[in-house]
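A closer look at the structure
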Amino acid sequence: MKRRILWLGACLALAALWAAGLPAGPALAAMVLLPPLSWCLTLPAAGKLETTLRLPATADKGGEIPLTVQVRNPTRLPIGPVRCRIALGNELTGETATVTALVQVPARGVGCAKLRIQARYCGYLRAQVVRVQAMDWFGLLPGPAGGGAEGGTVVLPEMFPVRLALTVPPTTPEDSLDYAQNRLGSDYAEPLGLRDYRPGDNLRAVHWKLSSKVGRLVVREPSLPVQRRLLVYWNKSPAEPAAMDAMAETAASLCRALCQSGYAYHLAWGQEQEVDTMADFLEALPRMLRDGGESARLPQRDYGRLLYLSARPAPPLPGMTALLWGPAAAATAGHVLPVSPEHYREDLQTMELDP
């Protein structure tokens, strides 16, 4: 805008000098005609521009996040500044914003612009180039250009200590409906796999019917029955951004505390994840934050305890402790712990999770 004002002022000044009889005609003609001419010359290159967005894989909430906008001009034609309009959206909280980058791009070269953006809440921050404009050589006249791109970063929650006091009912292998993946056990009812017989194998493991068909001894590898007696379920129905952020931090802090206390549990938020170790939780965390706020069905599996997090009322279920935000707490029966987005950290450090 400033360049256009200066250009218009210069044209008016030269026009005034020319009207006064001074030899300003050639300069005025050049001032008026050169920008449109250079704009026409940039059009062939503008349609072939390639844009790329680069963000870190993860970022801290509230901190500066580096965003690099890269524009490549594969042609030999020179081009003026390239203006990129970038839409930002947090897929967890629904917040949106836009930023603009101005990139200087040489002929047959690459130009970069580095921005610093921020995310107020945790979640998955998606960046997408929604408009690219190639300017003339003087930076006055914009024209449409190709090269849209997108990228994203996981904005990590700020986890905090949680006081756990959970009583998980004991279980026996006979009660189990799940079997460990890639872990051998002693249960031949649900074999983990089949293989050829090796000296020393238990004869109980021989699959006699299959062995008679294939003409060699085949044994069943026993599976390991496991029972996830604890289910952490986050119903990610849409809520206010502050409530979604608070629920994400609470869910992450609870899961970390469970891992530190030695609990094996089942985590569900629309997707599902078996969590045996801290590594399992850290693997699931980015996916849990990336998925948008949407209601998900409760997994149909046997569980002894259920930690339910949501901003919506929950039906009373056996062994459920509900952590609810806002008016949902008053509309839910059973063991309900009301949580506020403003004081959720203090609430979780003082409340007892067991009824």
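Criteria and cut-off values
- Residue positions are counted from 1 within each chain, in the order its sequence is given.
- Reporting in this predicted model follows two pLDDT cut-offs: at least 70 for local features of residues, and 80 or more for side-chain atom pairs to be given and counted; totals over whole chains, interfaces and linings ignore these cut-offs and use all residues.
- The basis for every side-chain value is the complete set of non-hydrogen atoms in the structure, without hydrogens or water.
- A run of H or I in DSSP becomes a helix once it reaches four residues, and a run of E becomes a strand once it reaches two; helices and strands are each numbered from the N terminus.
- With a 1.4 Å probe rolled over the protein chains alone, any residue whose accessible area is under 20% of its type maximum counts as buried; one over 50% counts as exposed, and the rest are partly exposed.
- Residue contacts are counted whenever heavy atoms from the two residues lie within 4.5 Å of one another.
- Surface accessibility in these figures is a Shrake-Rupley result with a 1.4 Å probe; residues are shielded only by whichever protein chains are displayed.
- Here an axis means a line fitted to C-alpha atoms, over the contact stretch when the element is a helix, while the angle between two N-to-C directions is reported on a 0 to 180 degree scale.
- Note on angle classes: values under 35 degrees are labelled roughly parallel, values over 145 roughly antiparallel, values of 65 to 115 roughly perpendicular, and the remainder oblique.
- Residues were grouped as follows: Ala, Val, Leu, Ile, Met, Phe, Trp, Tyr, Cys and Pro as nonpolar; Asp, Glu, Lys and Arg as charged; and all remaining residues, including Gly, as polar.
- Strand pairing is assigned whenever DSSP identifies at least 2 bridges connecting the two strands.
- Aromatic rings from Phe, Tyr and Trp, taking only the six-membered ring of Trp, are treated as a pair when their centres fall within 6.5 Å; an angle between ring planes under 30 degrees marks them as stacked, one over 60 as edge-to-face, and anything in between as tilted.
- Both a distance and an angle decide whether a charge sits over a ring: NZ of Lys or CZ of Arg must be within 6 Å of the ring centre and within 35 degrees of the ring normal.
- Any Lys or Arg side-chain nitrogen located within 4 Å of an Asp or Glu carboxyl oxygen qualifies as a salt bridge.

1. Notes on the overall build of the protein
- Within the protein one finds six helices and 19 strands.
- Taken across its 355 residues, the protein has 43% of its residues classed as buried.
- Considering only contacts in the protein between residues 6 or more positions apart, those separated by 24 or more positions represent 65%.
- Element-wise, carbon and sulfur atoms account for 56% of the exposed surface of the protein, whose accessible area totals about 18,300 Å².

2. Things to note about the packing of helix H4 (residues 241-260) against helix H5 (residues 278-290)
- Two numbers describe how H4 lies on H5: the axes approach to 10 Å, and their chain directions differ by 170°. For the element pair H4 / H5, the angle class is roughly antiparallel. Of the residues in H5, those in contact with Ala248, Ala251, Ala252, Cys255, Arg256, Cys259 and Gln260 of H4 are Met278, Phe281, Leu285, Met288 and Leu289.
- For the contact of H4 with H5, the residue count by class is ten nonpolar, one polar and one charged.

3. Regarding the sheet that holds strand E6 (residues 109-118)
- Strand order in the open sheet formed by three strands is E1-E3-E6, and the pairing between neighbours is antiparallel. Two strands lie at the open edges of the sheet, namely strand E1 (50-54) and E6, each paired on one side alone. Across the sheet, the mean angle separating the axes of adjacent strands is 20° when strand polarity is ignored.

4. A few points about the packing of aromatic side chains
- Inspection of every chain in the model, using the stated rule, returns one aromatic pair.
- Here the guanidinium or amino end of Lys236 rests over the ring plane of Trp234, the centre of that ring lying 4.9 Å away.
- The aromatic ring of Tyr124 is capped on one face by Arg290, whose charged end is 4.2 Å from the ring centroid.

5. Section: the sheet that holds strand E17 (residues 305-310)
- With mixed pairing, six strands are arranged side by side in an open sheet as E16-E15-E14-E17-E18-E19. If you trace the sheet from one side to the other, it starts and ends with strand E16 (272-275) and strand E19 (335-339), each paired once. Strand after strand, the sheet turns through a mean of 15° between neighbouring axes, direction not considered.
- Across five bridges, the pairing between E17 and strand E18 (residues 320-325) is parallel. Residue pairing in the sheet places Ser310 in a bridge with Leu324 of E18.
- Docked against the sheet, H4 engages strand E14 (230-234), strand E15 (265-268), E16, E17 and E18, running at close to 165° with respect to E14.

6. Details of the pattern of salt bridges
- Across all of its chains, the model carries eight salt bridges by this definition.
- The residue Arg72 makes a salt bridge to Glu50 at a minimum N-O spacing of 3.0 Å. Remark: Glu50 occurs in strand E1 and Arg72 occurs in strand E3 (residues 64-73); sequence separation between them is 22 residues.
- On the basis of relative accessibility, which here comes to 36%, the residue Arg72 falls in the partly exposed class.
- Where Arg345 meets Glu249, a salt bridge forms, and the shortest distance between an N and an O atom there is 3.2 Å.

7. Points about the environment of Ala242
- Along the chain, Ala242 falls in helix H4.
- A C-alpha to C-alpha distance of 9.6 Å links Ala242 and Ser340, two positions 98 residues apart in sequence.
- Excluding its chain neighbours within four sequence positions, the residues that come into contact with Ala242 are Tyr121 and Pro341.

8. A word on the pairing of strand E7 (residues 123-135)
- Bridge count for strand E4 (residues 82-90) against E7 is nine bridges, and the pairing is antiparallel. Among the inter-strand pairings, Arg83 is bridged to a residue of E7, identified as Gln133.
- Two elements, E7 and strand E9 (residues 150-156), share six bridges in a ladder whose sense is antiparallel. Of the residues in E9, the one forming a bridge with Gln128 is Glu150.
- As paired elements, E7 and strand E8 (residues 142-144) share three bridges and run antiparallel to each other. What sits directly across from Gln133, in E8, is Pro144.

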